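Structural characterization, general
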Amino acid sequence: MLSVILEAIICLNCWYFYKRIHSRFMETVNVEVAISLYLEAVDVVMIEDRPRQAVQSMAAAARLLVRQRQYDKAVEIIEKERDLHFESQNWAVLFLVLVHLARSDQVAAEKVLHASLRYEGFTESEIGAVLEQLVKAIDEQDGDQTVEVLSLPLFKYLDNDYAKLAKTLASQYGGSRPSRPSAEGGGGEEAAAGGGGDGDDDDEEFDLR
């Protein structure tokens, strides 16, 4: 009986590593197939209750989903990764916030951030502090501050797909500016009297999408 169990474990290990190696190869050939293989690898290792290996495959699948702009599915996988492995929770929160912002869902991004405040040490961490700055800058429509935050090393040195996503967000949200009163005496009244043309330009300036 023991030999049968050991043989089954060996087979599962071989199948898992086959899935991982094949997935790596398929990333350069067919990303959709690679995603499926990574998720199949998750199922294999979960049978053996090996969460660390499962998290590795989930992270790889989520990264490829982000590359393919399949953001809804990426959110689903990253949430599972976060709930499965405590040590990677802060990183999962970072990725979730970025993906929700890519979906133009600021409310969801803020909810993820606020829910994460209960994690021990999160508010004192670099990730927690930077995400608070980012969400605040976007909420205040401060494009300059948004770009500045997204240019921090924390984002620059992420895995390539997430680093590219951060650059995309800088373009997506970097055009917004906070509303400020005119410094010139008659500027405000003149703009108000100017009619539709200037007003349309202002609307575009505040368009976060």
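Bear in mind the structure is a predicted one, so any value in this text is a computation, not a measurement.

Examining helix 7 (residues 126-139)
An ideal rise of 1.5 Å per residue puts 20 Å on 14 residues; helix 7 measures up with 20 Å between its terminal C-alpha atoms. All of the buried residues along helix 7 are Ile 127, Gly 128, Val 130, Leu 131, Leu 134, Val 135, Ala 137 and Ile 138. On its buried face, helix 7 is in contact with helix 5 (89-102), helix 6 (106-115), helix 8 (143-150), helix 9 (153-156) and helix 10 (160-173).

Focus: unusual backbone geometry
With the exception of glycine, most residues fall at negative phi, and the peptide bonds are largely trans. Despite not being glycine, Ser 104 shows a phi value in the positive range, around 60°. Within the secondary structure, Ser 104 sits in the loop between helix 5 and helix 6.

Considering the side chain of Ser 125
Within the secondary structure layout, Ser 125 lies in the loop between helix 6 and helix 7. Since its relative accessible area comes to 16%, Ser 125 is described here as buried. Within the structure, the side chain of Ser 125 is placed 3.0 Å from the backbone nitrogen of Gly 128, a separation counted as a polar contact.

Comments concerning the pattern of salt bridges
One pass over the structure, following the stated rule, counts eight salt bridges. With its nearest N and O atoms 3.6 Å apart, the salt bridge here joins Arg 103 to Asp 105. Using a relative accessible area of 31% as the deciding quantity, one classes Arg 103 as partly exposed. Judged by its relative accessible area of 26%, Asp 105 is partly exposed. Beyond isolated ion pairs, a larger network of salt bridges with shared partners links Arg 63, Arg 67, Asp 159 and Asp 161.

Calculation notes
Residues numbered from 1 in each chain as written. Predicted model: local features only at pLDDT ≥ 70, side-chain atom pairs only at ≥ 80, totals over all residues. Heavy atoms only, no water. Helix = DSSP H or I, 4+ residues; strand = E, 2+ residues; numbered from the N terminus. Expected span 1.5 Å × (residues − 1). Buried < 20%, exposed > 50% of the residue type's maximum accessible area, 1.4 Å probe, protein only. Contact = heavy atoms within 4.5 Å. Polar contact = N/O pair within 3.5 Å; in protein donor to acceptor, adjacent residues only side chain to side chain. Salt bridge = Lys/Arg side-chain N within 4 Å of Asp/Glu carboxyl O.

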